[in-house]
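Each chain is listed here by its residues.
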Amino acid sequence: MSLLTDWQENSVEAQDLRSWLAICRWKNYSSVNTIDQGIDYAELTRSFLWDKVPRAIRKQLHPKSFEFEENLLAASDIQSNVIIRKPSLKLKAKRFLQQSQTYRDALSIRANAARHQRPILYIPIAHSKLTATVKGLSQQKTIEIVAPRNDFFSHLPIHVLYLSSEHVFIPNFDAVNRLHQGTLKGLEAQGIELLKRDRQVLLHQLLQQNAHLQRVNAELSILRPQAILVFADNHYPIQNYVFAAKQQSIPVIMLQHGLDCEHYCLDEAYADAIAVWGNARLQRYQQYSIRQPGHIQVTGNPGYDAFCLPKHLNLDGEYWLWTTRPHAPEKCYAPSRHPEEGLAILDALLSELQRSPHQRLIIKPHPLDRSELYQERITAMGLCDRVELTQTDILELLAHASLVIAEDSTSGLEAMFFGKVVIHAHFAQSQPVMPFVQEGAALPATSATSLHAAIQRAQRLTPIEQQQLLEGQWRCLSKQAGLCDGQSGQRVIDFVMDVLLKKNWRKYA
């Protein structure tokens, strides 16, 4: 606990740090060898503990209030798709390399690339945030782009690689069991005992990961791309590609796809080349990441090329808009975060609606949030006629909002492009991750009382206060989103091409 000298050991900050250190250091308290063929599985499996270790600490510290979370967990399905050992499946794994459609596709793609002397860029997992960049890259005549079949890129002129089911690969049960037991013992040595359910889920996840990594290794070895492009580099399943690519000396390019909305979890850089939106993420990597990428550049976000800094605040709108962060137990990555936070914010907002009978509230829940809990509370309060949960596109919702209540989320930043007054709702005892309030870009709301005060203030901003808030939004947008000049998309394409063609590239030059 040497890093906790500035805090009381039971403080909120200390417990959050304790959780993170336990996730990072469990192997130091275990006799299991976590490194196999150059891959440190203690690193590779770290993301599986992001929710489980904080949850164990929450139960230790607050057993009574933990009952709510325990009930949520009991109502959810345990991951149970354990891969069963069957002799016939071993043969299928061998055929993946020798006779499968994947192998034939890869040979054809490689032959075409060699014929035209073009490097192969592989995008192993599609994401909506990559679509604009892949579209721009597909117009380049000097590279070959390959991706598994997916809806995001189906309209683009790229090569499609057929992928066999990962379940034809058999996990190394002995190695997984050793890793599982070593993890549990390493945590227990630090005073952390995972819930019985979480121990079971962790075993399932480790089995899945082990089998998937075998498929990924085979996939990359037969395609032999010159680089892979990813939207994240620090969690399963995409991290398997990052680690496997490194083992095969294939550069990994990552494009930032969202803001740093968690403490600690996003500090480490694993990819070789990273395009970040603004200086905020660049400085975070430089300050906290043990690994420094061979190439990192501030490019801005291609998704924001249609926007520029707002010229004035826009106080007009038809409703209040609340954009949530995920409050599901699986997304509470620190002991200080609780699944009840979302309901606490909702209760405060519903109370405000009762004070404002002509006001409406639109809720845009995060896709991983528990929106059914919100609907139950709204129905119980008899406010279904004035409160709506929707999955309408966030940019469309922001354009017509009169006030935006945001948490630690990218949508809070996006509201600033529209010049909307933003209230940063953070009901956890820990400090928020996003510096919206510190930059003077948003009004603070840390409780129902301060949320009420923020709403009252938002409706009575003086011209001087409006200008101050606007200038704060300029600062925040510039630091987090980078240059808002409409050229981010081209900078990202140039960045990828430089790495792929080994220009201005140190590590693989």
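The preceding data block contains the structure.
Source: prediction; values computed, not measured. (Residues numbered from 1 in each chain as written. Predicted model: local features only at pLDDT ≥ 70, side-chain atom pairs only at ≥ 80, totals over all residues. Heavy atoms only, no water.)

**Student:** Lay out the packing of aromatic side chains in plain terms, naming residues and giving numbers.
**Tutor:** Tallying each qualifying case throughout the model produces 10 aromatic pairs. One aromatic cluster is present, built from ring pairs that chain together Trp277, Tyr304, Phe307, Phe417 and Phe418. (Phe/Tyr/Trp six-rings, centres within 6.5 Å; stacked < 30°, edge-to-face > 60°.)

**Student:** Can you break down the sheet that holds strand S13 (residues 401-406) residue by residue, with the values?
**Tutor:** Within the open sheet, the six strands sit side by side as S12-S11-S10-S13-S14-S15. Their pairing is parallel. Edge positions in the sheet fall to strand S12 (387-389) and strand S15 (443-445), since each of these pairs with one other strand and no more. Going across the sheet, the axis of each strand differs from the next one's by a mean of 25°, ignoring polarity. In this structure, S13 lies alongside strand S14 (residues 422-425), joined through three bridges in parallel fashion. (Pairing = 2+ DSSP bridges. Helix = DSSP H or I, 4+ residues; strand = E, 2+ residues; numbered from the N terminus. Axes fitted to C-alpha atoms, helices over the stretch in contact; angles between N-to-C directions.)

**Student:** Which residues make up the pairing of S13, and what values go with them?
**Tutor:** Most of S13 sits out of view: six of its six residues are buried. Relative to S13, strand S10 (residues 319-323) runs parallel, the two sharing five bridges. Opposite Thr323, over in S13, you have Ala406 as the bridge partner. Handedness of the crossover joining S13 and S14 through helix H15 (residues 410-417) is recorded here as right-handed. (Buried < 20%, exposed > 50% of the residue type's maximum accessible area, 1.4 Å probe, protein only. Right-handed = clockwise from strand over helix to strand, strands pointing away.)

**Student:** Any details on the sheet that holds strand S6 (residues 227-230)? Residues and values, ideally.
**Tutor:** With parallel pairing, seven strands are arranged side by side in an open sheet as S5-S4-S3-S6-S7-S8-S9. Single-partner strands in this sheet number two, and they are strand S5 (159-161) and strand S9 (295-298). With direction set aside, neighbouring strand axes in the sheet form an average angle of 25°. As paired elements, strand S7 (residues 252-255) and strand S8 (residues 273-276) share three bridges and run parallel to each other. Within S8, the position partnered with Leu255 by the bridge is Ala275. The strands that helix H10 (residues 238-247) touches are strand S3 (120-122), S6 and S7; relative to S6, the one it contacts most, it runs at about 155°. (Contact = heavy atoms within 4.5 Å.)

**Student:** How would you summarise the environment of Asn301 if you had to cite specific residues and measurements?
**Tutor:** Tracing the chain through its elements places Asn301 in the loop between S9 and S10. Since its relative accessible area comes to 11%, Asn301 is described here as buried. When the C-alpha positions of Asn301 and Arg110 are compared, they lie 31 Å apart, and in sequence the two are 191 residues distant. Excluding residues that lie within four positions of it along the chain, Asn301 makes contacts with Trp277, Ala481 and Ser488. Polar contacts involving the side chain of Asn301 include one to the main-chain amide nitrogen of Gly303, which spans 3.0 Å. (Polar contact = N/O pair within 3.5 Å; in protein donor to acceptor, adjacent residues only side chain to side chain.)

**Student:** Pulling in residues and values, what's your account of the pattern of salt bridges?
**Tutor:** Scanning the model with the defined rule gives 29 salt bridges in all. We note a salt bridge from Glu43 to Arg291, for which the minimum N-O separation is 2.9 Å. Within this pair, whereas Glu43 is found in helix H2 (residues 41-44), its partner Arg291 is found in the loop between helix H11 (279-288) and S9, the two being separated by 248 residues in sequence. Measuring nitrogen to oxygen at the nearest pair gives 3.1 Å for the salt bridge that ties Lys59 to Glu70. Here the residue Lys59 occupies a position in helix H3 (residues 52-61), and Glu70 occupies one in helix H4 (residues 66-75), the gap between them amounting to 11 residues. Within this structure, Asp51, Lys52, Arg55, Arg58, Glu69, Arg197, Asp198 and Glu330 form a network of salt bridges that share partners. (Salt bridge = Lys/Arg side-chain N within 4 Å of Asp/Glu carboxyl O.)

**Student:** Explain the state of the cysteines residue by residue, including any values.
**Tutor:** Scanning the entire structure with this criterion turns up zero disulfides. The thiol of Cys261 is not disulfide-bonded; the next cysteine sulfur, from Cys476, is found 11 Å away. Residue classification places Cys261 among the buried residues on the basis of a relative accessible area of 12%. Here Cys484 stays free of any disulfide, with the sulfur of Cys308 as its closest cysteine sulfur at 8.3 Å. (Disulfide = S-S within 2.5 Å.)

**Student:** So what about the environment of Leu368? Which residues, and what values?
**Tutor:** For Leu368, the position within the fold is in the loop between strand S11 (361-364) and helix H13 (371-380). Leu368 gets classed as partly exposed once you look at its relative accessible area, which sits at 43%. Through-space distance from the C-alpha of Leu368 to that of Asp16 is 22 Å; in sequence the pair is 352 residues apart. Ignoring any residue separated from it by four or fewer positions in sequence, one finds Leu368 in contact with Pro326, Ala328 and Lys331.

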